[in-house]
Amino acid sequence: MTPGLLFDALLALGLVVVGASALFATTLFKAVVLFIAFGLMMALAWVRLDAPDIALAEAAIGAGLTGALMLDALGHVAGEPAGRRATAASDPDDAPVRAVPRIARLALGAGLGAVVGAVGWAALTFPVPYPGLAAIALDAVAVHPVSNAATVVLLDLRAWDTFLEMLVLLLAALGTLVLKARAIHEPRAIAPALGSEMLDALARRLVPLMLLVAGYLLWAGTARSGGAFPAGAILGAAGVMLFLADIGRDRFADTRGLRIALGSGTAAFLGAGLLSLAGGSAFLDYAPAWTYPTILAIEIVLTLSIGITLALIYGASAREPRSPDPELDAEEAHP
Amino acid sequence: MSGAEMSIAMYSVAAAALIGLASFAAFAMRHLLRRILALNMLGSAVFLLLVAVARRAEGPAPDPVPHAMVLTGIVVAVSATAFALILARRLYDATGACSLDAEADGR
């Protein structure tokens, strides 16, 4: 058994063990911490499966941002609701499995066991080479001015998918911001400072480095691993860092500039599509001479849009000061 | 079976197992944060399966199409998770409970 194979065996086993431990942990805090560890192990798995772009995005988003969001939500629901009688359901440490009776659980387990068997069997007996788009895509990449295959697929061959995906991101961000705006009890100005001196010093040193890495990934993305998604993920992580250290909080306020940034990713694709339509070809079917500059322009806008959207999503979910008086809540909800 | 094929097979089996475990948790758990975490992990398991299958493509490089799907999928997953979490928090603010189980909330 080669060292690589041994590593893969341990990692595959570790993913299942850590994943199951996170799902069925005795307390929610344990569950979230194990979930973050699971995200980091996933990033390793992506590297082993020759997907470095995904590994970069996963490390920043899967482990970092999602973990931070879960921890914040846990902090919100774990505290006793102010002025209300704590109910049994607000106990964060309740037994992991309780929603369905035992019989239903057994049936569910049996059904899902069959699903696992079918999925595993299908994956193991998949024909090689499999009928798919790999050959077509790689042939197109070979003659494309952009040489990173993932970037070509994302921004040219399957640009429609990415366009609509940016729309999904925009809608999720708007939903989060709208719900957050309605939940505000007190003006932001009197929010307690979250930062500590350590965090402040760390953020002031790390954030410039993160911006540098994001810029590099964006530029490298046309030729090798990188591109708008990993770069945007790291930009978003830098924004989260600033939030945590409480630096420049007012800049993240709901301003016109930030709203434009939220929609700019979708707008960039729309603009490129309309330009290609005006040039006489299909929507998002760029003219050959314009392919490289168009993709580069979309990548730059996309990086900024994804980064700012992710940071805003975190900012909207970051811990709020809670009003101590429930009647005040009611008043503020209906001014 | 070559070493690379064995590695891919192991990741595929791990992905299948995680799909089952995470689906079970998403259905059987009561606390909403646990269910959201389980759904997120279910997404990760599907991504792992997609990329493991993409690695089976013959040729010098893995199939870039599933890679691109997973890359966008990760960003969609985190934004959907953020939306779900803020919905759960609003539910908690409104009812003091963090589950969809009406009886357990005492109302």
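Residues numbered from 1 in each chain as written. Chains lettered and ligands numbered in written order. Predicted model: local features only at pLDDT ≥ 70, side-chain atom pairs only at ≥ 80, totals over all residues. Heavy atoms only, no water.

Along its length, chain A carries 12 helices and 0 strands. Taking all 335 residues of chain A together, 46% fall into the buried category. Residue pairs at least 24 apart in sequence account for 75% of intrachain contacts in chain A once pairs closer than 6 positions are excluded. Surface summary for chain A: the accessible area is close to 16200 Å², and the carbon and sulfur share equals 70%. (Helix = DSSP H or I, 4+ residues; strand = E, 2+ residues; numbered from the N terminus. Buried < 20%, exposed > 50% of the residue type's maximum accessible area, 1.4 Å probe, protein only. Contact = heavy atoms within 4.5 Å. Areas by Shrake-Rupley, 256 points an atom, 1.4 Å probe, with all protein chains shown as cover.)

So, on to the overall build of chain B. Of regular secondary structure, chain B possesses 3 helices and 0 strands. For chain B, the succession of helices and strands along the chain, N to C, is α-α-α. Relative to all contacts within chain B whose residues are 6 or more apart in sequence, the contacts with residues 24 or more apart total 52%. Total accessible area on chain B stands at roughly 3600 Å², and carbon and sulfur atoms take up 69% of it.

Here D63 of chain B lies in the loop between α2 (32-54) and α3 (64-95). The buried charged residue D63 of chain B lacks any salt bridge, with R158 of chain A as its nearest oppositely charged partner at 9.9 Å. One polar contact links the side chain of D63 of chain B to the main-chain amide nitrogen of V65 of chain B, over a distance of 3.0 Å. (Lys, Arg positive; Asp, Glu negative; His and termini not counted. Salt bridge = Lys/Arg side-chain N within 4 Å of Asp/Glu carboxyl O. Polar contact = N/O pair within 3.5 Å; in protein donor to acceptor, adjacent residues only side chain to side chain.)

Residues and elements named next belong to chain B. On average, residues of chain B score 86 in pLDDT, and 89% of them are at 70 or above. Mean pLDDT across the elements of chain B ranges from a minimum in α3, with 89, to a maximum in α2, with 93. In the model, residues 103-107 has pLDDT below 50 throughout and makes 8 contacts with residues more than four positions away in sequence or in other chains. The ipTM assigned to the predicted complex is 0.92, against a pTM of 0.85. (pLDDT = per-residue confidence, 0-100.)

On to the interface of chain A and chain B. Facing the 96 residues of chain A at the interface are 75 residues of chain B. Across the chain A to chain B interface the summed buried area is about 7900 Å²; carbon plus sulfur atoms make up 76%. Seen at the junction of chain A and chain B, the total is 1 salt bridge. The partner of D50 of chain A in a salt bridge is R55 of chain B, with the nearest N and O atoms 2.6 Å apart. (Buried area = accessible area lost by both parts, 1.4 Å probe.)

How two helices pack is summed up by the angle between their axes together with the distance between the axes. Direction vectors running N to C along helix α2 (residues 28-48) of chain A and α2 of chain B enclose 10 degrees, while the axes themselves pass 11 Å from each other. The angle between α2 of chain A and α2 of chain B falls in the class roughly parallel. Of the residues in α2 of chain B, those touching α2 of chain A at L28, A31, V32, F35, F38, M42, A45 and W46 of chain A are L33, R34, L37, N40, M41, S44, F47, L48 and V51 of chain B. Considered class by class, the residues forming the contact of α2 of chain A with α2 of chain B number 14 nonpolar, 2 polar and 1 charged. (Axes fitted to C-alpha atoms, helices over the stretch in contact; angles between N-to-C directions. Parallel < 35°, antiparallel > 145°, perpendicular 65-115°, else oblique. Nonpolar A, V, L, I, M, F, W, Y, C, P; charged D, E, K, R; others polar.)

Here the focus is α2 of chain A. Residue and element names in this part refer to chain A. Helix length check: α2, at 21 residues, gives a terminal C-alpha distance of 30 Å against a target of 30 Å (1.5 Å per residue), a fit within 8%. Of the positions making up α2, those classed as buried are L28, A31, V32, F35, F38, G39, M41, M42, A43, A45 and W46. Following α2 by one or two positions, D50 has its phi on the positive side, about 60 degrees. (Expected span 1.5 Å × (residues − 1).)

Okay, the pattern of salt bridges next. Residue and element names in this part refer to chain A. Under the definition given, this model contains 4 salt bridges over all chains. With a shortest N-O distance of 2.7 Å, R48 and D8 are connected by a salt bridge. Of the two residues, R48 is situated in helix α2 and D8 in helix α1 (residues 3-23); the sequence distance between them amounts to 40 residues. Here R48 falls in the partly exposed class, since its relative accessible area comes to 35%. With relative accessibility at 3%, the residue D8 sits in the buried group.

On the surface, W160, L164, L167, L171 and L174 of chain A cluster together into a nonpolar patch covering about 470 Å² of accessible area. For L171 of chain A, a relative accessible area of 57% gives the class exposed. (Patch = residues over 30% accessible without salt bridge, like charges linked within 9 Å, V, L, I, M, F, W, Y side chains within 5 Å.)

The next subject is the packing of aromatic side chains. Residues and elements named next belong to chain A. Throughout the structure, instances matching the rule amount to 6 aromatic pairs over all chains. Judged by centre distance (6.2 Å) and plane angle (45 degrees), the ring pair of F163 and F269 falls under tilted. Taken together, the residues F163 in helix α7 (residues 159-183) and F269 in helix α10 (residues 256-278) connect sequence positions 106 residues apart. By the burial criterion, F163 is buried, and F269 matches it. With centroids separated by 6.1 Å and ring planes inclined at 65 degrees, the aromatic side chains of F243 and Y314 adopt a geometry described as edge-to-face. Of the two residues, F243 is situated in helix α9 (residues 228-245) and Y314 in helix α11 (residues 291-317); the sequence distance between them amounts to 71 residues. According to the relative accessible area criterion, F243 is buried, its value standing at 6%. (Phe/Tyr/Trp six-rings, centres within 6.5 Å; stacked < 30°, edge-to-face > 60°.)

Before going further, it helps to examine the packing of helix α3 (residues 52-78) of chain A against α9 of chain A. Residue and element names in this part refer to chain A. Put simply, α3 and α9 touch, their axes get as near as 8 Å, and they point 25 degrees apart. Relative to α9, the element α3 lies roughly parallel. In terms of crossing hand, the pair formed by α3 and α9 is left-handed. Packed against α3, whose contacting residues are D53, L56, A57, A60, I61 and L65, the element α9 presents P230, A233, I234 and V240 at the interface. (Left-handed = near helix turned anticlockwise from the far one by under 90°.)

Note on backbone geometry: most residues besides glycine have negative phi, and most peptide bonds are trans. Residues and elements named next belong to chain A. A positive phi angle is found at D50, which is not glycine, with a value near 60 degrees. Exposure remark for D50: the relative accessible area of 34% places this residue in the partly exposed category. Of note in the backbone geometry, L284 takes a positive phi value of approximately 65 degrees without being a glycine. With respect to the helices and strands, L284 occurs in the loop between α10 and α11.

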